[in-house]
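So the chains spell out like this:
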Amino acid sequence: MLAEQVDLAGYTTLRLGGPARRFVEAVTQDELIEAVRTADRRAEPLLVFGGGSNLVVSDDGFTGTVVHVATRGAEVIPGGRVRVQAGEDWDPFVARCVQDGLAGVECLSGIPGRIGATPIQNVGAYGQDVSETITQVRAYDRKTGEIVTLDHHACAFTYRGSLFKGSDRYVVLDVTYALEAVKESRPIRYAELARVLGVAVGERVPLEDARAAVLGLRRGKGMVLDPADPDTRSAGSFFTNPILEPSALAALERSVAERLGPDVAFPRYPETGGRTKTSAAWLIDRAGFAKGYARGPVRISTKHTLALTNPDGARTEDLLALAREVRDGVREAFGVELVNEPVFVGVSL
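Residues numbered from 1 in each chain as written. Predicted model: local features only at pLDDT ≥ 70, side-chain atom pairs only at ≥ 80, totals over all residues. Heavy atoms only, no water.

A. Geometry of the packing of helix H2 (residues 90-99) against helix H5 (residues 207-220). Contact geometry for H2 and H5: axes closest at 9 Å, N-to-C directions at 150°. As judged from the angle between their axes, H2 and H5 are roughly antiparallel. Packed against H2, whose contacting residues are Asp 91, Val 94, Ala 95 and Val 98, the element H5 presents Leu 207, Glu 208 and Arg 211 at the interface. (Axes fitted to C-alpha atoms, helices over the stretch in contact; angles between N-to-C directions. Helix = DSSP H or I, 4+ residues; strand = E, 2+ residues; numbered from the N terminus. Parallel < 35°, antiparallel > 145°, perpendicular 65-115°, else oblique. Contact = heavy atoms within 4.5 Å.)

B. The arrangement of the pattern of salt bridges in detail. Taken as a whole and judged by the stated rule, the model has 27 salt bridges. Across the salt bridge formed by Asp 168 and Arg 142, the nearest N and O atoms sit 3.6 Å from each other. Residue Asp 168 is found in the loop between strand E12 (146-151) and strand E13 (170-178), and its partner Arg 142 is found in the loop between strand E11 (134-141) and E12; the two are separated by 26 residues along the sequence. Within the structure, one salt-bridge network assembled from shared partners comprises Asp 229, Asp 231, Arg 299 and Lys 303. (Salt bridge = Lys/Arg side-chain N within 4 Å of Asp/Glu carboxyl O.)

C. Spotlight on the layout of surface pockets. Of the volumes computed, that of the second largest pocket is approximately 230 Å³. What lines the second largest pocket is a set of 14 residues, and nearest its centre among them are Thr 13, Arg 15, Leu 225, Asp 226 and Thr 232. Its residues placed into classes, the lining of the second largest pocket shows 3 nonpolar, 5 polar and 6 charged. (1 Å grid on protein atoms, 1.4 Å probe; cavity = no way out; pocket = protein on both sides within 12 Å on 5 of 7 lines; lining within 4 Å. Points joined across faces, edges and corners; volume = space filled by probe spheres on them. Nonpolar A, V, L, I, M, F, W, Y, C, P; charged D, E, K, R; others polar.)

D. Structural context of the nonpolar core. Counting residues in hydrophobic clusters, the biggest one holds 54 residues, and the most contacted among them are Leu 32, Trp 90, Phe 93, Tyr 177, Leu 179 and Leu 193. Element by element, the count of residues in this core is highest for E13, at 6 residues. Excluding residues that lie within four positions of it along the chain, Leu 32 makes contacts with Ala 26, Val 48, Val 67, Val 69, Val 171, Val 172 and Leu 173. Grouped together as the second largest cluster of nonpolar side chains are 35 residues, Leu 16, Leu 244, Leu 252 and Val 326 included. (Core = buried A, V, L, I, M, F, W, Y, C linked by side-chain atoms within 4.5 Å. Buried < 20%, exposed > 50% of the residue type's maximum accessible area, 1.4 Å probe, protein only.)

E. Focus on helix H6 (residues 246-260). The end-to-end C-alpha distance of H6 is 21 Å, a good match for the 21 Å that 15 residues give at a rise of 1.5 Å each. Along H6, the residues classified as buried are Leu 249, Leu 252, Ser 255 and Val 256. All buried residues of H6 fall inside an arc of 120° around its axis, so they share one side. Facing away from the buried side of H6 by over 90 degrees, the exposed positions are Ser 247 and Glu 258. Those residues of H6 that are buried lie in contact with strand E16 (243-244), strand E18 (276-277), helix H7 (280-286) and helix H8 (316-334). Following H6 by one or two positions, Gly 261 has its phi on the positive side, about 115°. (Expected span 1.5 Å × (residues − 1). Arc of directions from axis to C-beta.)

F. The side chain of Thr 118, seen in detail. Tracing the backbone through its elements, the reader meets Thr 118 in helix H3 (residues 117-121). In terms of polar contacts, Thr 118 uses its side chain to reach the side chain of Tyr 177, at 2.7 Å. With residues up to four places along the chain from it excluded, the contact list for Thr 118 reads Trp 90, Val 123, Val 130, Ile 134 and Tyr 177. (Polar contact = N/O pair within 3.5 Å; in protein donor to acceptor, adjacent residues only side chain to side chain.)

G. Representation of the environment of Thr 38. Along the chain, the position of Thr 38 falls in helix H1 (residues 29-41). Considered as a pair, Thr 38 and Glu 258 are 220 residues apart in the sequence and their alpha carbons are 57 Å apart. Among the polar contacts listed, one links the side chain of Thr 38 to the side chain of Arg 41, at a separation of 3.2 Å.

H. Structural view of unusual backbone geometry. At Gln 5, a residue that is not glycine, the phi angle is positive and equals roughly 55°. Looking at the element boundaries, Gln 5 is found in strand E1 (residues 2-7). Residue Gln 5 is classed as exposed on the basis of its relative accessible area of 51%. Here Asn 122, not a glycine, exhibits a phi torsion of approximately 45°, which is positive. Residue placement: Asn 122 occurs in the loop between H3 and strand E9 (124-125). On the basis of relative accessible area, Asn 122 is assigned to the buried category, the value being 2%.

I. Representation of the sheet that holds strand E2 (residues 19-26). Spatially, E1-E2-E5-E3 is the arrangement adopted by the 4 strands of the open sheet, whose pairing is mixed. Both edges of this open sheet fall to E1 and strand E3 (46-49), since each of them pairs with a single strand only. Looking at each pair of strands side by side, their axes are set apart by 30° on average, direction ignored. Judged from the 5 bridges that link them, E1 and E2 form a sheet pairing that is antiparallel. Looking at the pairing, Glu 4 lines up with Arg 22 of E2. (Pairing = 2+ DSSP bridges.)

Take a look at the structure:
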């Protein structure tokens, strides 16, 4: 399907963004590749997206070609692997895995978006990341004009990142996941989830129980899409959790002691290379931005400090103004620079 001047706000979970000059809906891999090739031959700006759950799009829209990935289908491969088309919705895929007794993605229940975005962002939540199960990604390489297969190592996964993030070279066609054919979850790693399930960290639970608990937690934070709940009109977590080098961690310790008192402890989780991850939500809240904090027509979610929401009638610039206020406030209070998690299109902080 080809159309012009299509309003992108209707395709994003934030319900923000101006029109696309040229809009193509690709329902097969051949259509997807041809739409990308056509834009490249014309030397047009190109935006490829799926569910729109991780996009912040300019009020001015997009002056080139927007390709909406709507490819469908999944193929079970011997050995517990499943190859899934990029346009498949993520949460129904997770639900099918749980129903079929395939473990490895159950703690990623309720996340909006489509399969093609999962390797790009290295989507993760509640102690699981897709990088733990992705074995390969097939993609169209815009530089060579060829279809390539990238194994797990070549994807260069990092915390909420990968080879694909921040680059427009590759267009994800399908993703293969290696899952465990069991009726119990992978070991529960996330303390909050373990508490809800009534188990110790490291224990396993029935797959259905893990999914139900995660969905309950996410709903309580406004992180399961619901047209009746304005708190879900967001791009999910707007900022990533900072990962600090030892010197930055020591500086944060001093800032917290000076601002909040020497006995106040902040969340910290060990990372590789001697680094430490802390909580962006904790920093935002302690910097003075509580749940429900509003700036004009936008606000921080009333359920989750990391989500910036568009309850009704906002513009992208309104959202960015709030994001800048939060980012700058955390930097001033604690010396930590927050980094946006959603993909920005035609805008910046």
